[in-house]
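Chain residues, written in single-letter form:
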Amino acid sequence: MKIWTERPAKADVEAVVRRYFSLLRAGRIPEAEELVDHTSVRHVLKSLWTGSVKANADADENENADENEASASPATDAWERDSSWLRELDLADFHWGHEGTGFYVEFTYRARIIEVSLSFWVKPTDAGWVLAGPATLW
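What you see is a predicted model; the values in this text were computed from it and never measured.

The subject of this paragraph is the nonpolar core. With 36 residues, the main nonpolar core has Tyr-20, Leu-48, Leu-89, Phe-103, Phe-107, Phe-120 and Leu-131 as its most contacted residues. Elements with a minimum of two residues in this core: α1 (10-25), α3 (41-63), α4 (78-81), β3 (89-96), β4 (102-109), β6 (117-124) and β7 (129-137). Here this core gets 7 residues from one element, more than from any other, and that element is α1. Residues in contact with Tyr-20, not counting those within four places in the same chain, are Ala-32, Leu-35, Val-36, His-38, Val-41, Val-44, Phe-120 and Pro-134.

Written as structure tokens, this is what we have:
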């Protein structure tokens, strides 16, 4: 886990989140988990998939309701079987709270902001300051 001896600057924290996300995209989940005081990566990935791929497929399905069933929504476990969807997901904006310890990150899928964001917070520990999270925000 990344530990700072002093309260880190926002730019330093954002760099860790960018690294975390790049590791997730590369399928290097154990390395990503080592960067933050982490919640379930499985939950994070499923939420991002639901807010991007599944939401996009559902929207397409609603637009094309009269078309055949071959274009049905992806299976609920598709995000685990094929992680290629992560390549189309990008970090968007960081939104920091007033105290400068908590923030959330928006994501884009195919260049559109999705409905799920991830929140993180910087917290002091006995060893120093660490990045905790993420929690999913809908």
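Having seen the model, we can carry on.
Let us now look at α1. The end-to-end C-alpha distance of α1 is 22 Å, a good match for the 22 Å that 16 residues give at a rise of 1.5 Å each. Regarding α1, the residues found buried are Val-13, Glu-14, Val-16, Val-17, Tyr-20, Phe-21, Leu-23 and Leu-24. Trailing α1 by a residue or two, Gly-27 shows a phi angle of about 80°, which is positive.

The subject of this paragraph is the pairing of β6. By the bridge criterion, 4 bridges tie β4 to β6 in an arrangement that is antiparallel. Note that in β6 the partner of Gly-102 across the bridge is Trp-121. Across 7 bridges, the pairing between β6 and β7 is antiparallel. If you follow Ser-119 over to β7, its bridge partner there is Ala-135. Linking two consecutive strands that pair antiparallel, namely β6 and β7, is a turn of 4 residues; a positive phi of about 145° is found at Gly-128 within it.

For the structure shown, the criterion picks out 4 salt bridges. The shortest N-O distance in the salt bridge between Glu-31 and Arg-28 comes to 2.7 Å. In this structure Glu-31 comes out as partly exposed when scored by relative accessible area, which is 34%. Residue Arg-28 is classed as partly exposed on the basis of its relative accessible area of 35%.

Parameters at a glance
Residues numbered from 1 in each chain as written. Predicted model: local features only at pLDDT ≥ 70, side-chain atom pairs only at ≥ 80, totals over all residues. Heavy atoms only, no water. Core = buried A, V, L, I, M, F, W, Y, C linked by side-chain atoms within 4.5 Å. Buried < 20%, exposed > 50% of the residue type's maximum accessible area, 1.4 Å probe, protein only. Helix = DSSP H or I, 4+ residues; strand = E, 2+ residues; numbered from the N terminus. Contact = heavy atoms within 4.5 Å. Expected span 1.5 Å × (residues − 1). Pairing = 2+ DSSP bridges. Salt bridge = Lys/Arg side-chain N within 4 Å of Asp/Glu carboxyl O.

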